[in-house]
Amino acid sequence: MIRAAVTAALLTSASAALAQTAEAPVAGGTTSSGGTTSMGDLLSLGYEIKSSVANGTKFIVFMQKDKSAYACDFVSLTKSRCGAIN
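So, here is what we can say about the structure in this document. All values reported here derive from a predicted model rather than from experimental measurement. (Residues numbered from 1 in each chain as written. Predicted model: local features only at pLDDT ≥ 70, side-chain atom pairs only at ≥ 80, totals over all residues. Heavy atoms only, no water.)

### Notes on the pattern of salt bridges
This structure, assessed with the given rule, holds 2 salt bridges. Residue Glu48 is joined to Lys50 by a salt bridge in which the shortest nitrogen-to-oxygen separation is 3.4 Å. Between Asp73 and Arg81 there is a salt bridge whose closest N-O contact spans 3.3 Å. Accessibility expressed as a relative area gives 6% for Asp73, which makes it buried. (Salt bridge = Lys/Arg side-chain N within 4 Å of Asp/Glu carboxyl O. Buried < 20%, exposed > 50% of the residue type's maximum accessible area, 1.4 Å probe, protein only.)

This is the structure we're talking about:
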């Protein structure tokens, strides 16, 4: 029961994070205004995968570096989009 509540909360926050437009880091340390970034860009900047949750037939992956966190949604097998949570 607790796991279902946590999963629902994570999905809600991830959906909100992906829907908002925020400044997202891009490889090389610069930012791209008003959009999302890819999981590969975040990995190259030192972000770590902290958890993942199934969302229907897709997965949402949560990444963190220091106090910055992102939720990543897989658009396809090789393409992802990530949005800032905080």
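### Re the packing of aromatic side chains
Evaluated as defined, the whole model comprises 1 aromatic pair. On the basis of an interplanar angle of 90° and a centroid distance of 5.4 Å, the ring pair of Tyr47 and Tyr70 is categorised as edge-to-face. Taken together, the residues span a long stretch of sequence, with Tyr47 in the loop between helix H2 (39–44) and strand S3 (48–55) and Tyr70 in strand S5 (residues 68–74) at a distance of 23 residues. Residue class for Tyr47 comes out buried when judged on its relative accessible area of 10%. (Phe/Tyr/Trp six-rings, centres within 6.5 Å; stacked < 30°, edge-to-face > 60°. Helix = DSSP H or I, 4+ residues; strand = E, 2+ residues; numbered from the N terminus.)

### Structural notes on unusual backbone geometry
Look at Asp66: it is not a glycine, yet its phi comes out positive at around 55°. Tracing the chain through its elements places Asp66 in the loop between strand S4 (58–65) and S5. Residue classification places Asp66 among the exposed residues on the basis of a relative accessible area of 67%.

### Brief notes about the state of the cysteines
A full pass over the atoms with the stated rule returns 1 disulfide. Here Cys72 is linked by a disulfide to Cys82, with a sulfur-sulfur distance of 2.0 Å. When the S-S torsion is 110°, as for the bridge of Cys72 with Cys82, the disulfide is right-handed. One end of the pair, Cys72, is in strand S5; the other, Cys82, is in strand S6 (residues 80–84), with 10 residues separating them in the sequence. (Disulfide = S-S within 2.5 Å.)

### What about the side chain of Thr37?
Its place among the elements puts Thr37 in the loop between strand S2 (30–35) and H2. The exposure class assigned to Thr37 is buried, which follows from its relative accessible area of 5%. Engagement of the side chain of Thr37 in a polar contact is seen with the side chain of Asp41, the distance being 3.1 Å. (Polar contact = N/O pair within 3.5 Å; in protein donor to acceptor, adjacent residues only side chain to side chain.)

### Focus on the sheet that holds S6
Pairing is antiparallel across the open sheet formed by 4 strands, whose spatial order is S3-S4-S5-S6. Two strands lie at the open edges of the sheet, namely S3 and S6, each paired on one side alone. For this sheet the average axis-to-axis angle between neighbouring strands, irrespective of direction, equals 25°. Across 5 bridges, S5 lies against S6 in antiparallel orientation. Bridge assignment links Ala71 to a residue of S6, and that residue is Gly83. (Pairing = 2+ DSSP bridges. Axes fitted to C-alpha atoms, helices over the stretch in contact; angles between N-to-C directions.)

None of this, on its own, says anything about what the molecule does.
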